[in-house]
Amino acid sequence: MMPKSFRIRILLLSIAVFGVILVGFGGWVWVTLDAVVSPHQGGGDVDVEELQRNFLVVFGLSLLGVCGGSWVLAWRVLKPVDTLIDAVERVTAQDLEQRIAKRNEGDEFSRLTDAFNEMLERLERSFNHATRFSADAAHELKTPLTILQGQLDQALQEAPDGSPLQQNLGRLLDEVQRLKVIIRRLLLLSLADAGRIR
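Residues numbered from 1 in each chain as written. Predicted model: local features only at pLDDT ≥ 70, side-chain atom pairs only at ≥ 80, totals over all residues. Heavy atoms only, no water.

### Here we look at the overall build of the chain
Right, so step 1: Assigned secondary structure in the chain consists of four helices and zero strands.
Right, so step 2: Scanning the chain from its N terminus toward the C terminus, one meets helices and strands in the order α-α-α-α.
Right, so step 3: Looking at the 198 residues of the chain, the share that counts as buried comes to 23%.
Right, so step 4: Taking the intrachain contacts of the chain between residues at least 6 apart in sequence as the baseline, contacts between residues at least 24 apart amount to 63%.
Right, so step 5: When the accessible surface of the chain is split by element, carbon and sulfur atoms take 62% of a total near 14,200 Å². (Helix = DSSP H or I, 4+ residues; strand = E, 2+ residues; numbered from the N terminus. Buried < 20%, exposed > 50% of the residue type's maximum accessible area, 1.4 Å probe, protein only. Contact = heavy atoms within 4.5 Å. Areas by Shrake-Rupley, 256 points an atom, 1.4 Å probe, with all protein chains shown as cover.)

Right, dumping it as structure tokens:
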């Protein structure tokens, strides 16, 4: 099963690829040393075992270098993704004007950054339109409801006491009051969404 971290996947893939190359090259050098130096060992100048030990040390250091280089490569390759994740986590309804700095490298991360910034711009526009609509609707409905409430109050006073008309007008007046509360909440919500109320 592959690890979930993309950084670890890149690291493991890099180590695997470079490790196979190193092992292949190391095997070739090992066999070559053995084949070339062994027939001449009688001269005493060349110690095959010492050459092979030195080769193992160099091979081990090379493998460590590959691991370190792979880690640095994975970190550098995914740094733009970390930047994008940080920006996404900072976005709130009150802070939609935030954008990610453009990278002029023309790579996939630049395209992803551009797409994210364009999406934030569309969201901000839509959010502003919805907030403005809510505020406008609340303001537009306040005046007719106030007029309706005044007319119902007057009609209620003129209606005969205890009559069905007076009861119906009282229920209508209650509904108008309920609508006014809803509109007041809608207006407060639109002001809060616009960042005018904290």
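Anyway, onward from the coordinates.
### Let's talk about the environment of serine 70
Right, so step 1: Structurally, the position occupied by serine 70 is in helix 2 (residues 48-90).
Right, so step 2: The exposure class assigned to serine 70 is buried, which follows from its relative accessible area of 2%.
Right, so step 3: Sequence separation of serine 70 and leucine 12 is 58 residues, and the distance between their C-alpha atoms is 8.1 Å.
Right, so step 4: In this structure, serine 70 is in contact with Leu11, Ser14, Ile15 and Phe18, ignoring residues within four places of it in sequence.

### Considerations on the side chain of threonine 113
Right, so step 1: Relative to the helices and strands, threonine 113 is located in helix 3 (residues 108-158).
Right, so step 2: In this view, threonine 113 contacts Ile100 and Ala101; residues no more than four positions away in its chain are not counted.

### Observations regarding a nonpolar patch on the surface
Right, so step 1: On the surface, a nonpolar cluster with roughly 380 Å² of combined accessible area is contributed by Leu13, Val17, Phe18 and Ile21.
Right, so step 2: By secondary structure assignment, the location of phenylalanine 18 is in helix 1 (residues 6-37).
Right, so step 3: Residue classification places phenylalanine 18 among the partly exposed positions, given a relative accessible area of 41%. (Patch = residues over 30% accessible without salt bridge, like charges linked within 9 Å, V, L, I, M, F, W, Y side chains within 5 Å. Salt bridge = Lys/Arg side-chain N within 4 Å of Asp/Glu carboxyl O.)

### Considering helix 4 (residues 164-193)
Each α-helix winds once per 3.6 residues, and so residues spaced three or four apart point in a common direction.
Right, so step 1: Counted at 1.5 Å a residue, the expected span for helix 4 with its 30 residues is 44 Å, and the 43 Å between its end C-alpha atoms agrees.
Right, so step 2: Inspection of helix 4 places Leu169, Leu173, Val176, Ile183, Leu187 and Ser190 among the buried residues, and these make up the whole buried set.
Right, so step 3: At its buried positions, helix 4 is contacted by helix 3. (Expected span 1.5 Å × (residues − 1).)

### Here we look at the nonpolar core
Right, so step 1: The biggest cluster of nonpolar side chains holds 10 residues, and these are Ala135, Ala138, Leu145, Leu152, Ala159, Leu169, Leu173, Val176, Ile183 and Leu187.
Right, so step 2: Elements represented by at least two residues in this core include exactly helix 3 and helix 4.
Right, so step 3: Residues Leu84, Ala87, Leu96 and Leu120 belong to the second largest nonpolar core, which totals six residues. (Core = buried A, V, L, I, M, F, W, Y, C linked by side-chain atoms within 4.5 Å.)

### A few points about the pattern of salt bridges
Right, so step 1: According to the stated counting rule, one finds three salt bridges in the structure shown.
Right, so step 2: One salt bridge connects glutamate 124 with arginine 99, and the closest N-O pair in it is separated by 2.8 Å. On the criterion of sequence distance, the pair formed by glutamate 124 in helix 3 and arginine 99 in the loop between helix 2 and helix 3 is long-range, its members being 25 residues apart.
Right, so step 3: For glutamate 175, the salt bridge goes to arginine 178, with nearest N and O atoms at 3.1 Å. You can see glutamate 175 and its partner arginine 178 sitting in helix 4, three residues apart, about one turn around the helix.

### Observations regarding the packing of helix 3 against helix 4
Right, so step 1: Where helix 3 contacts helix 4, the axes come no closer than 8 Å and their chain directions differ by 155°. One element, helix 3, and the other, helix 4, form an angle in the roughly antiparallel class. Note that helix 3 runs across helix 4; the crossing there is left-handed.
Right, so step 2: Along the lines of polarity and charge, the residues of the contact of helix 3 with helix 4 split into 17 nonpolar, nine polar and four charged. (Axes fitted to C-alpha atoms, helices over the stretch in contact; angles between N-to-C directions. Parallel < 35°, antiparallel > 145°, perpendicular 65-115°, else oblique. Left-handed = near helix turned anticlockwise from the far one by under 90°. Nonpolar A, V, L, I, M, F, W, Y, C, P; charged D, E, K, R; others polar.)

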